[in-house]
Amino acid sequence: MEKILLKNLNNPDAHKIDVYIKGGGYKAFEAALKLQPDNIIQMVKDSGLRGRGGAGFSTGLKWSFIPKDPTIKKYLCCNADEGEPDTFKDRGIMDWDPHLLIEGMLISSYAFGASASYVYIRGEFAFGAKRVQAAINEAYAKRFLGKNILGTGFNHDMYIHCGFGAYICGEETALLESIEGLRAQPRKKPPFPALAGLYGKPTVINNVETLACIPAIIERGPKWFSSIGPEKSPGPKIFGVSGHVKKPGLYELPMGTTLRDLIYNHCGGMLTAKPLKAVIPGGVSAPMFTAKDLDTPLDFDSVAAKGSMLGSGAVIVMDESTCIVKMAHIINRFFSHESCGKCTPCRDGSPWVTNILSRLEHGDGRPGDVELLESLCTNIFGRTFCPLADGAVMALRGAMKNFREEFLYHEKHKRCMV
Amino acid sequence: MLENVKEEIQATLKKYPVKKSAVMDLLRIAQREAGGHLTREAMDEIAVLLEMQPVEVNAAAKFYTMYSVARPVGRHRIWVCRNISCSLMGSDHIMKHLEQALGVKKGETTSDKKFTLDVAECLGSCGTAPMMQIDDEFYENLDAKKIDGILKGFK
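Just so it is clear, the structure is predicted and the values come from calculations on it, not from any experiment.

Scoring rules and cut-offs
- Along each chain, the written sequence defines residue order, and numbers are assigned to residues from 1.
- Each chain is given a letter, starting from A, and each ligand a number, starting from 1, according to the order in which they appear as written.
- Selection of residues for local features in this predicted model requires a pLDDT of at least 70, selection of side-chain atom pairs for listing and counting requires 80 or more, and totals for whole chains, interfaces and linings are taken over all residues.
- Each side-chain value is worked out from all heavy atoms of the structure, with water and hydrogens disregarded.
- Residues qualify for a patch when their relative accessible area is over 30% and they have no salt bridge, like charges being joined within 9 Å and the nonpolar side chains of Val, Leu, Ile, Met, Phe, Trp and Tyr within 5 Å.
- Accessibility throughout is a Shrake-Rupley quantity obtained with a 1.4 Å probe, and a residue counts as covered only by protein chains that appear here.
- Here a salt bridge means any side-chain nitrogen of Lys or Arg lying within 4 Å of a carboxyl oxygen belonging to Asp or Glu.
- What counts as a helix is a DSSP run of H or I of at least four residues, what counts as a strand is a run of E of at least two, and both are numbered from the N terminus.
- Two strands qualify as a pair provided that DSSP identifies no fewer than 2 bridges between them.
- An axis is simply a line fitted to the C-alpha atoms; with a helix, the fit covers only the stretch in contact. Between two such axes, the angle follows the N-to-C directions and lies from 0 to 180 degrees.
- To estimate how far a helix should extend, the number of its residues minus one is multiplied by 1.5 Å.
- Exposure classes here rest on a 1.4 Å probe applied to the protein chains alone. A residue is buried below 20% of its type maximum, exposed above 50%, and partly exposed in between.
- It only takes one pair of heavy atoms within 4.5 Å for two residues to be counted as in contact.
- By definition, the buried area sums, over both parts, the 1.4 Å-probe accessible area that each loses when the two are put together.
- Counted as a polar contact is a pair of N or O atoms within 3.5 Å, where, for protein atoms, one must be capable of donating a hydrogen and the other of accepting one, and residues adjacent in sequence contribute only when both atoms are in side chains.
- Residues are grouped as follows: Ala, Val, Leu, Ile, Met, Phe, Trp, Tyr, Cys and Pro are nonpolar; Asp, Glu, Lys and Arg are charged; all remaining types, including Gly, are polar.
- Only the six-membered ring of Trp is used, alongside the rings of Phe and Tyr, when aromatic pairs are assigned; centres must lie within 6.5 Å, and planes under 30 degrees apart are stacked while those over 60 apart are edge-to-face, with the rest tilted.
- By definition, being over a ring means that NZ of Lys or CZ of Arg is both within 6 Å of the ring centre and within 35 degrees of the ring normal.
- In these notes, a set of buried Ala, Val, Leu, Ile, Met, Phe, Trp, Tyr and Cys residues joined through side-chain atoms within 4.5 Å is what counts as a nonpolar core.
- Source of the domain bounds: an automatic or database domain assignment.

Draft legend 1. Representation of a nonpolar patch on the surface. Taken together, the side chains of Phe57(A), Leu61(A) and Phe65(A) present a nonpolar region at the surface, about 260 Å² in accessible area. As for its position among the elements, Phe57(A) is in the loop between α3 (37-47) and α4 (59-64).

Right, here's the structure in full:
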C-alpha cells in the first residue's frame with residue numbers, strides 16, 4: 001500500500017519545509033482555504049475517519065460540535081502525549097514529517113475556526129519537540145502561520161506545550177488542565193471540551209495521527225479514504241509492533257489488516273522458534289489475545305467484538321517464555337504509578353492490586369490472592385472519573401481470563417510456571 | 001537565578017493568554033539552570049513571577065515525574081525504561097549492568113556526581129527495545145557492550 005502517514009519515515013531531510021513543499025506539501029492547505037469551512041467538516045465526516053488516539057470517535061462529527069459563532073475564540077489541541085505504554089507511532093510523524101502534522105492542524109483549525117493551537121508533546125520527546133518547533137518557525141516564515149495567512153484573512157498561531165512525565169495528560173481534559181498550569185487531573189464531563197475546553201473556550205483535541213490523515217483527505221477526497229479498509233473503520237493506520245518479533249517497528253497498513261498478517265508477514269514472524277503465547281492488540285490497557293485470535297482484523301469494531309480494543313494500535317507480541325503474572329504486574333505497577341490521585345478506587349485500589357501481583361510474582365503469594373484480585377477489579381472498574389483505572393482492570397481481567405492457571409500456580413507453588 | 005534567562009521566559013509567557021500556563025515551562029527552565037533539580041528558591045521566584053501561590057507551583061512540580069523537586073541529581077540523568085516491551089527484551093539485565101558499571105543502585109547518584117540512575121515507565125521507543133534515556137537523548141537496542149561504550153562517551 002502507498003504510504004500516506006509514514007512516507008517520510010527515516011528520510012533525513014523531509015522535516016525541512018522546502019523539501020516538504022517540493023513533495024507537494026501545503027497544497028492541501030491551500031486547496032482547503034478555497035473551500036467553505038463547513039464543506040471541509042463534511043468531507044472529513046464522509047471520509048469515515050475515526051480518532052487514532054484510541055477512542056475511535058468520528059473526527060468530522062467532533063469538529064461539528066464546535067459552535068459556529070465567529071466572535072468566540074476557539075482552540076485546537078493536538079494530543080502528542082503518546083503515553084500509552086508500547087505506543088510510538090506519533091513519534092514517527094513528529095520526528096520525520098512534522099509539517100504533515102502542522103498542515104493537518106491548519107486545515108482542521110480553518111474548518112472549525114480555531115485561531116490558536118497547542119501541540120501537547122510529552123516531555124521525554126525532546127527530539128520531536130525540537131523538530132516540531134523548528135517546523136512551526138519555518139511555517140511562520142513562509143506565512144502559513146500568523147496573521148492573514150496567504151492573503152486569505154485567516155489568522156492562526158501555533159505553539160508547543162511540553163509535558164513532563166505524566167501519563168494522565170493524554171486524557172483530553174487532563175491535558176487541558178496541564179496547559180492551564182494546574183495539576184493534570186481530569187475534568188467532569190459534561191461540559192465537553194467542544195463547548196468549554198481550554199480556558200473555557202470551545203476546543204477540539206485530536207491525536208497526531210488523526211490530524212496527519214487530514215491533508216490526504218482534502219487532496220484525494222473522502223471516497224478515496226473510505227475505500228481503504230473496512231467500511232465503518234476506514235483509512236490507513238500505523239501499527240507499532242514491539243516484543244518478540246523479528247522486525248519490530250512502525251507499519252502503516254490498511255485498517256482491518258489481521259494480526260496474523262501483521263506479525264507473520266510484515267514483522268517477519270516470531271523472534272525465535274518459540275511460539276506465540278499472547279498478544280496485546282492496542283496498548284497495555286487492551287485485554288490480551290492468544291494465538292486463537294490471530295485472525296482478528298485490526299480495526300476498531302472487529303477488535304472490540306473480540307472483547308479487546310484497538311486503542312493506539314500498539315501491538316505487543318509475547319512468546320511462550322513470557323510470564324503473564326510478571327506482565328500483569330508491570331502493567332498494573334505502571335497504572336498505579338500514573339494514577340493522578342483524584343479518585344479513591346484508582347489511587348488506593350491500583351497500588352493494592354500492584355502489591356498483590358508483586359507478591360505473587362516474587363513467590364510470596366497468599367491463598368485467596370487470585371480471588372482478591374478479581375474482587376478488587378469489580379470494585380475499581382467503572383467507579384472512577386476517567387478511564388485510567390478501567391484500563392488497568394481491563395488489562396488484568398484479560399490476563400486472568402486467558403491465563404488463570406498461571407496466576408493460581410504462582411499463588412499455590414510460589415514460583416513461575418514458565 | 002532566573003535573571004540569566006529573562007528573554008526565554010518572556011518568549012514563554014507570550015505563548016499563553018494567562019500567566020499561570022507558563023508554570024511548566026518555567027519549572028523546566030529553572031531545573032535546567034540549577035543543574036538538574038528544582039530548588040525551593042527557584043520555585044518561589046516562579047510563584048512571584050506568575051502571580052501564583054507557592055503551594056500551587058509546588059503542586060504542579062510534584063505532579064510530574066521529570067521534575068526533581070529538592071532532590072539534587074548528577075550531571076547526567078539516566079532513565080532506564082522498564083515497561084513491557086523493554087522488559088520482554090531484557091531491561092532487567094540492562095539495569096543490572098548499569099548498576100554494576102556505575103557502582104550505584106537505582107535511584108542513586110555516583111560519588112563523582114556524574115550520573116543519577118533512575119527507572120522510567122514507557123519512554124515510547126518500543127520498536128527499539130531495550131532502551132534508556134540520558135538527559136535528552138534516547139539510546140536504543142541496548143546490550144552490555146553498547147552501554148559500556150555509551151558511558152565512556154560521557155566525560
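Draft legend 2. Spotlight on the sheet that holds strand β7 (residues 276-280) of chain A. All names here are of chain A. Pairing within the open sheet is mixed, and its 4 strands lie in the order β6-β5-β8-β7. Edge positions in the sheet fall to β6 (249-254) and β7, since each has one partner strand and no second. Mean inter-strand twist for the sheet, computed between neighbouring axes without regard to direction, equals 25°. Direction of pairing for β7 relative to strand β8 (residues 314-319): antiparallel, over a ladder of 4 bridges.

Draft legend 3. The arrangement of helix α13 (residues 324-338) of chain A in detail. For α13(A), which comprises 15 residues, the first-to-last C-alpha distance of 21 Å matches the rise-based estimate of 21 Å (1.5 Å per residue) to within 8%. Most of α13(A) sits out of view: 12 of its 15 residues are buried. Among all positions in α13(A), only Ile324(A), Val325(A), Met327(A), Ala328(A), His329(A), Ile330(A), Ile331(A), Asn332(A), Phe334(A), Phe335(A), Ser336(A) and Glu338(A) are buried. Looking at the buried positions of α13(A), the neighbouring elements they touch are β7, β8, α15 (349-361), α17 (388-402) and α18 (404-413) of chain A together with α5 (84-88) of chain B.

Draft legend 4. Expanded view of the sheet that holds strand β2 (residues 115-120) of chain B. All names here are of chain B. The 4 strands are arranged β2-β1-β3-β4 in an open sheet whose pairing can be described as mixed. Strand pairing shows two members of the sheet lacking a second neighbour, β2 and β4 (137-139), which therefore form its edges. When the angles between neighbouring strand axes are averaged without regard to direction, this sheet yields 25°. Two strands pair when backbone bridges link them, and strand β1 (residues 76-81) and strand β3 (residues 132-134) are joined in this way by 3 bridges, in the antiparallel orientation. Bridge pairing in β3 links isoleucine 78 to isoleucine 134.

Draft legend 5. Molecular detail of the interface of chain B and chain A. Listed as interface residues are 38 residues of chain B and, on the opposing side, 54 residues of chain A. Counting each side, the surface lost to burial between chain B and chain A is near 3,700 Å², with a carbon and sulfur contribution of 61%. In terms of surface lost to chain A, no three residues of chain B exceed Phe63(B), Ile84(B) and Leu88(B), which account for 18% of the buried area on that side. Taken together, the connections running from chain B to chain A amount to 2 salt bridges. Arg91(A) is the salt-bridge partner of Glu140(B), the closest N and O atoms lying 3.4 Å from each other. Inspection of the chain B/chain A interface yields 17 residue pairs in polar contact (both at pLDDT 80 or more). Secondary-structure elements contributing two or more residues to the side of chain B that touches chain A are α2 (23-33), α4 (54-63) and α5 of chain B. Counted by class, the side of chain B that touches chain A contains 19 nonpolar, 10 polar and 9 charged residues.

Draft legend 6. Summary view of the packing of aromatic side chains. Taken as a whole, this structure holds 19 aromatic pairs over all chains when the rule is applied. Looking at Arg397(A), its charged tip hangs above the ring of Phe381(A), at a distance of 5.2 Å from the centre.

Draft legend 7. Structural view of the nonpolar core. Counting 85 residues, the largest nonpolar core has Phe407(A), Leu27(B) and Tyr64(B) as the members making the most contacts within it. Residues within four places of Tyr64(B) in sequence aside, it is in contact with Tyr120(A), Phe164(A), Gly165(A), Ala166(A), Cys169(A), Ser178(A), Leu182(A), Ala184(A) and Met24(B).

Draft legend 8. Structural context of the pattern of salt bridges. Residues and elements named next belong to chain A. If you walk through the whole model with that rule in mind, you get 33 salt bridges over all chains. Measuring nitrogen to oxygen at the nearest pair gives 2.1 Å for the salt bridge that ties glutamate 374 to arginine 404. Of this pair, glutamate 374 sits in helix α16 (residues 369-380) while arginine 404 sits in helix α18, placing them 30 residues apart in sequence. Since its relative accessible area comes to 31%, arginine 404 is described here as partly exposed.

Draft legend 9. Representation of helix α7 (residues 126-141) of chain A. All names here are of chain A. The first and last C-alpha atoms of α7 sit 23 Å apart over 16 residues, in line with the 22 Å expected at 1.5 Å per residue. Ala126, Gly128, Ala129, Arg131, Val132, Ala135, Ile136 and Ala139 are the residues of α7 that are buried. Those residues of α7 that are buried lie in contact with α1 (17-22), α5 (89-96), α6 (98-112), β2 (116-121) and β3 (157-162). Phi for arginine 143, located one or two positions after α7, is positive at around 65°.

Draft legend 10. The side chain of Arg50(A), seen in detail. Residue and element names in this part refer to chain A. Its location among the elements puts arginine 50 in the loop between α3 and α4. Engagement of the side chain of arginine 50 in a polar contact is seen with the backbone oxygen of glycine 56, the distance being 2.8 Å. With sequence-adjacent residues up to four places away left out, arginine 50 is seen in contact with Gly56, Phe57, Ser58, Thr59, Lys232, Ser233, Phe300 and Asp301.

Draft legend 11. Inspection of unusual backbone geometry at higher detail. Residues and elements named next belong to chain A. Residue proline 190 is reached from lysine 189 by a cis peptide bond, and omega for that bond is -5°. Along the chain, proline 190 turns up in the loop between α8 (172-179) and β4 (203-207). Each neighbour pair has its own omega, and for proline 190 with proline 191 the value is 5°, a cis peptide bond. Within the secondary structure layout, proline 191 lies in the loop between α8 and β4. With a phi close to 50°, asparagine 148 is a non-glycine residue in the positive phi region. Counting through the fold element by element, asparagine 148 comes out in the loop between α7 and β3. The partly exposed category is assigned to asparagine 148, whose relative accessible area is 34%. The phi angle at leucine 150 is positive, at roughly 50°, despite the residue not being glycine.

Draft legend 12. Representation of the domain arrangement of chain B within the structure. Entries for chain B in the domain assignment read domain 1 (3-63) and domain 2 (76-152). Placing a centre on the C-alpha atoms of domain 1 of chain B and another on those of domain 2 of chain B gives a separation of 29 Å.

Draft legend 13. Structural view of the domain arrangement of chain A. Residues and elements named next belong to chain A. If you check the domain split of chain A, you get domain 1 (17-226), domain 2 (236-319) and domain 3 (324-413). Just the C-alpha atoms count here: the centres of domain 1 and domain 3 sit 35 Å apart. Contact residues are listed per partner, giving 12 residues for domain 1 and 10 residues for domain 3. Each partner contributes to the roughly 840 Å² buried at the junction of domain 1 and domain 3, and carbon and sulfur atoms together form 74% of this total. Run the count over domain 1 and domain 3 and you get 0 salt bridges. In the side of domain 1 that touches domain 3, the residues fall into 6 nonpolar, 2 polar and 4 charged.

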